[in-house]
Amino acid sequence: MEKNKLNGKKIPWWKKTTIYQIYPRSFKDSTGNGIGDLKGIISKLDYIQDLGVETIWFSPFYSSPQGDFGYDISDYLNIAPEYGTMNDFDDLVKNIHNRKMKIVMDLVLNHTSAQHKWFIESKKSRDNPKRNWYVWKDGKKPFGKAPPNNWKSYVTGSGWHYDSHTDQWYWASFLPFQPDLNYRNPDVKENMMEMIRFWLRKGVDGFRLDILGAVYEDPKFRDNPLSWKLIPSDESMDMLFRSSKYTTNYPDNYEFAKDLREVIDEFTDPPRFLLGEVSGSREELRNFCGKDSPDGLNLVFLFESMGAQLTAKNFRKLIKDFEKYFPDPYIPTWVFSNHDIIRRISRFKEQGAIEKAKINTAFQLTVRGVPTIYYGEEIAMRQNFLPLEKSLDAVSFKFKKFPRIIRNLLLKITNYAIHRDGCRTPMQWNRTETAGFSPSRTDTWLPVHPNYKLVNVENSIEDKDSLFYCYQRFLKLRQKTPALNSGNITLLDAKKIPKNILGYTRSAIFNGNEQTVHVYLNFGNKLVSFQIPEPNFHLIISTSISSQPLNGQNITLQPFEGIILGD
Ligand code: NOJ
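Predicted, not measured: the structure shown is a model, and the values here were computed from it.

1. Things to note about the sheet that holds strand β22 (residues 554-557)
Turning to step 1, where the next piece is worked out: What the 3 strands build is an open sheet, ordered β19-β22-β21; its pairing is antiparallel. A strand with exactly one partner marks an edge of an open sheet, and here the two such strands are β19 (528-531) and β21 (550-551).
Turning to step 2, where the next piece is worked out: Here β21 pairs with β22 via 2 bridges, running antiparallel. Within the sheet, the bridge partner assigned to L550 lies in β22 and is I555.

2. Observations concerning the domain arrangement of the protein
Turning to step 1, where the next piece is worked out: Considered domain by domain, the protein is made up of domain 1 (17-110 + 186-211 + 248-471) and domain 2 (487-566).
Turning to step 2, where the next piece is worked out: Computed over C-alpha atoms only, the centres of domain 1 and domain 2 are separated by 30 Å.
Turning to step 3, where the next piece is worked out: Contacts between the two partners involve 20 residues from domain 1 and, on the opposite side, 23 residues from domain 2.
Turning to step 4, where the next piece is worked out: Counting the surface lost from both domain 1 and domain 2, the interface buries some 1,700 Å², and carbon and sulfur atoms represent 73% of this.
Turning to step 5, where the next piece is worked out: When residues of domain 1 are sorted by the area they lose upon contact with domain 2, R316, I359 and T366 head the list and together hold 35% of the total.
Turning to step 6, where the next piece is worked out: The interface formed by domain 1 and domain 2 holds 0 salt bridges in total.
Turning to step 7, where the next piece is worked out: Summed over the shared surface of domain 1 and domain 2, the result is 4 residue pairs in polar contact (both at pLDDT 80 or more).

3. Overview of the nonpolar core
Turning to step 1, where the next piece is worked out: In this structure, Y20, F89, L109, F207 and F363 are the most contacted members of the largest nonpolar core, which totals 141 residues.
Turning to step 2, where the next piece is worked out: By residue number, the principal contributor to this core is helix α12 (residues 467-480), which donates 8 residues.
Turning to step 3, where the next piece is worked out: Residues lining this core come from more than one domain, with at least three contributed by each of domain 1 (17-110 + 186-211 + 248-471) and domain 2 (487-566).
Turning to step 4, where the next piece is worked out: Excluding its chain neighbours within four sequence positions, the residues that come into contact with F207 are V104, M105, L107, I196, W199, L200, I264, F273, L274 and L275.
Turning to step 5, where the next piece is worked out: Listed in part, the 11 residues of the second largest apolar core include Y520, F537, I555 and L565.

4. Things to note about the pattern of salt bridges
Turning to step 1, where the next piece is worked out: Summed over all chains, the structure comprises 34 salt bridges.
Turning to step 2, where the next piece is worked out: The residue D210 makes a salt bridge to R208 at a minimum N-O spacing of 2.8 Å.
Turning to step 3, where the next piece is worked out: Residue classification places R208 among the buried residues on the basis of a relative accessible area of 1%.
Turning to step 4, where the next piece is worked out: A salt bridge links D465 to K358, with the nearest nitrogen and oxygen atoms 3.3 Å apart. Here D465 is found in the loop between α11 (457-462) and α12, whereas its partner K358 is found in helix α9 (residues 353-366), with 107 residues between them in sequence.
Turning to step 5, where the next piece is worked out: Here D465 falls in the partly exposed class, since its relative accessible area comes to 32%.
Turning to step 6, where the next piece is worked out: Among the charged side chains, a network of salt bridges with common partners joins D68, D340, D393, R420 and R424.

5. Some points on the sheet that holds strand β10 (residues 168-171)
Turning to step 1, where the next piece is worked out: Pairing is antiparallel across the open sheet formed by 3 strands, whose spatial order is β8-β10-β9. Only two strands of the sheet have a single partner each, and these edge strands are β8 (136-137) and β9 (160-163).
Turning to step 2, where the next piece is worked out: In terms of strand pairing, β9 meets β10 through 4 bridges, oriented antiparallel. Of the residues in β10, the one forming a bridge with W160 is W171.

6. A look at the pairing of strand β18 (residues 513-522)
Turning to step 1, where the next piece is worked out: Taken across its 10 residues, β18 has 7 buried, putting it largely inside the fold.
Turning to step 2, where the next piece is worked out: The pairing of strand β17 (residues 501-510) with β18 spans 10 bridges and is antiparallel. Directly across from F510, in β18, lies its bridge partner N513.
Turning to step 3, where the next piece is worked out: The hairpin formed by β17 and β18 contains 2 residues between the paired strands, and N511 there has a positive phi angle of roughly 45°.

7. Describing the packing of helix α5 (residues 186-201) against helix α6 (residues 252-265)
Turning to step 1, where the next piece is worked out: Direction vectors running N to C along α5 and α6 enclose 40°, while the axes themselves pass 10 Å from each other. On the basis of their axis angle, the class for α5 and α6 is oblique. In this structure, α5 meets α6 at a crossing whose hand is right-handed. For the pair α5 and α6, the contacting residues are K189, M193, I196, R197 and L200 in the first and F256, D259, L260, V263 and I264 in the second.
Turning to step 2, where the next piece is worked out: For the contact of α5 with α6, a count of residues per class yields 7 nonpolar, no polar and 3 charged.

8. Regarding the packing of helix α7 (residues 282-289) against helix α8 (residues 312-325)
Turning to step 1, where the next piece is worked out: At their nearest, the axes of α7 and α8 sit 10 Å apart, and the two run at 45° to each other. The orientation of α7 with respect to α8, classified from their angle, is oblique. The two elements α7 and α8 meet at a crossing, and its hand is right-handed. Here α7 contributes R282, E283 and R286 to the contact with α8, which in turn contributes K317, D321 and Y325.

9. Some words on α7
Turning to step 1, where the next piece is worked out: Of all 8 residues in α7, 6 are buried, a share of seventy percent or more.
Turning to step 2, where the next piece is worked out: Every buried residue of α7 is accounted for by R282, L285, R286, N287, F288 and C289.
Turning to step 3, where the next piece is worked out: Its buried side turned inward, α7 meets α6, β13 (299-300) and α8.
Turning to step 4, where the next piece is worked out: Residue G290 follows α7 closely and has a positive phi angle near 115°.

10. Quick notes on the pairing of strand β15 (residues 370-374)
Turning to step 1, where the next piece is worked out: Burial analysis of β15 places 5 of its 5 residues in the buried class, which makes it a mostly covered element.
Turning to step 2, where the next piece is worked out: Neither face of β15 is open: one carries V370, T372 and Y374, the other P371 and I373, and all of them are buried.
Turning to step 3, where the next piece is worked out: Across 3 bridges, the pairing between strand β3 (residues 19-22) and β15 is parallel. Bridge pairing links Q21 to Y374 in β15.

11. Things to note about the packing of aromatic side chains
Turning to step 1, where the next piece is worked out: A complete count under the given rule lists 44 aromatic pairs for this structure.
Turning to step 2, where the next piece is worked out: Considering the side-chain rings of W160 and W171, the 5.4 Å spacing of their centres and the 50° angle between planes classify their relative orientation as tilted. Here W160, found in strand β9, pairs with W171, found in strand β10; they are 11 residues apart in sequence, far enough to count as distant.
Turning to step 3, where the next piece is worked out: Here Y162 and W169 contribute two aromatic rings whose centre-to-centre distance is 5.1 Å and whose plane-to-plane angle is 50°, an arrangement assigned as tilted.
Turning to step 4, where the next piece is worked out: Relative accessible area serves as the criterion here: at 31%, Y162 is assigned to the partly exposed category.
Turning to step 5, where the next piece is worked out: Overall, the relative accessible area of 8% leaves W169 in the buried class.
Turning to step 6, where the next piece is worked out: The structure contains a cluster of three or more aromatic residues connected by ring pairs, namely F58, F61, Y62, Y76, F89, W118, W133, F198 and W199.
Turning to step 7, where the next piece is worked out: Sitting over the ring of W445, R25 keeps its end group 5.0 Å from the ring centre.
Turning to step 8, where the next piece is worked out: The ring of Y330 has R286 lying over it, and the distance from NZ or CZ to the ring centre is 3.8 Å.

Procedures and definitions
Residues numbered from 1 in each chain as written. Predicted model: local features only at pLDDT ≥ 70, side-chain atom pairs only at ≥ 80, totals over all residues. Heavy atoms only, no water. Pairing = 2+ DSSP bridges. Helix = DSSP H or I, 4+ residues; strand = E, 2+ residues; numbered from the N terminus. Domains from an automatic or database assignment. Contact = heavy atoms within 4.5 Å. Buried area = accessible area lost by both parts, 1.4 Å probe. Salt bridge = Lys/Arg side-chain N within 4 Å of Asp/Glu carboxyl O. Polar contact = N/O pair within 3.5 Å; in protein donor to acceptor, adjacent residues only side chain to side chain. Core = buried A, V, L, I, M, F, W, Y, C linked by side-chain atoms within 4.5 Å. Buried < 20%, exposed > 50% of the residue type's maximum accessible area, 1.4 Å probe, protein only. Axes fitted to C-alpha atoms, helices over the stretch in contact; angles between N-to-C directions. Parallel < 35°, antiparallel > 145°, perpendicular 65-115°, else oblique. Left-handed = near helix turned anticlockwise from the far one by under 90°. Nonpolar A, V, L, I, M, F, W, Y, C, P; charged D, E, K, R; others polar. Phe/Tyr/Trp six-rings, centres within 6.5 Å; stacked < 30°, edge-to-face > 60°. Lys NZ or Arg CZ within 6 Å of the ring centre and 35° of its normal.

The following block contains the structure:
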């Protein structure tokens, strides 16, 4: 049960937690087949605990033909054999909980694999009992040989796929081998809710929900209207002049979020949580958490931060925007990298990249919100810019046929999102072959980044000024400091501090005592000196282990230095 009280209120653990995302295929291979697995992960839990994160989210490791590396599930109640067995899973849960950490699984509700037994049945005939478990429609009249309407998938053209055997079309929001389930059929909904309970009973502490805004579409199957947007953005998924009004964030999805919340709230000791992968306007994102009261998803990813340029001005604006839409008792999330997008550090110029990553970290771990760190981010793992021609990612298949110049242009404008192998390469543990990812000399499923002899856990641990230790110091401080893990946030007036400085205070009344910390982050590449309001502030932590920023009321920050002061 929750013991801590903040401002007299109980704070659920998930509101103050820090999340570490593991892509199971790429974390640690225990068998030598070049693919990561659960036993491998278990062998590295000490490392994760030592880093100081509290919750681990796993990208899917359910049974799957791995067409989309686990996001195409063929059996929701089993573990893919290449990752291990159900016993290994139980061991994983036990080992995580023994460390007082939490486990979050990825839940792909929107679609199954086309190899799921339900879809195999569903395809057999129009009157098969499983037919209505998926979204089937006749083609456009008079001949039925055109898709039922103009709906586009996120990654291919039309999201409708023709089945000649039954002469109908099925709907797939993502790739053609990921047919959408039909949640308007109560049997589907009931079955999936029971599946969720199965994992909750096994001790899972929460779920990350894959493309949740795509679960329900317009029941009338109306054409999506025209939009003036060419490429999708954080504000809306509209693209190529087509809106996604009837296919993304259709209002029934917000109700579904509440239904899911009811299911996880059946489990109270400890409470569980839901973290939605959703996109759209901030208002839409908030709707997933509950428009008027927080009775929907506990958290949603706010992906705007991912591409944000590293400036005080940008981050100040993001804080304001997120606080406006997610004020207490809602809580924002902060994420910079994941398995779908270019690694954050590779957005920075190589020169000074580590210092920039440190200030980014200091920001992410001190601002109000739940942070998610992507495996390897803590040791400065870079994007492995692999050629599109060799990519294994199903999303990129159609682009392979394009002329080189177009391919390169697409890579640039989508920030490598059309080919996601580069952010999924094996974790770099040490300087030995395969970077210590696989136990023997072997071909790893994706090539290890060529920089592994320099960038790896072993080197990071030997260097006291490494990015790893910066993460560790901030994470451990955050863990024991209520003002940082659950306090409110007040931005300092930008006019009262130099241009490149972002300043805020975090404060909380914890068990009757007031606690306030003051955060100053220098986003500029120049040394900056200025006055702080109180002479008696003291330094708690800095991104740099050698600097002495305080001299009375005068503060001097190195380029890209971030500090926390206490009263
Ligand atoms: C979003 C996931 O993050 C991505 O990796 C996956 O390919 C799609 N959803 C489809 O499930």
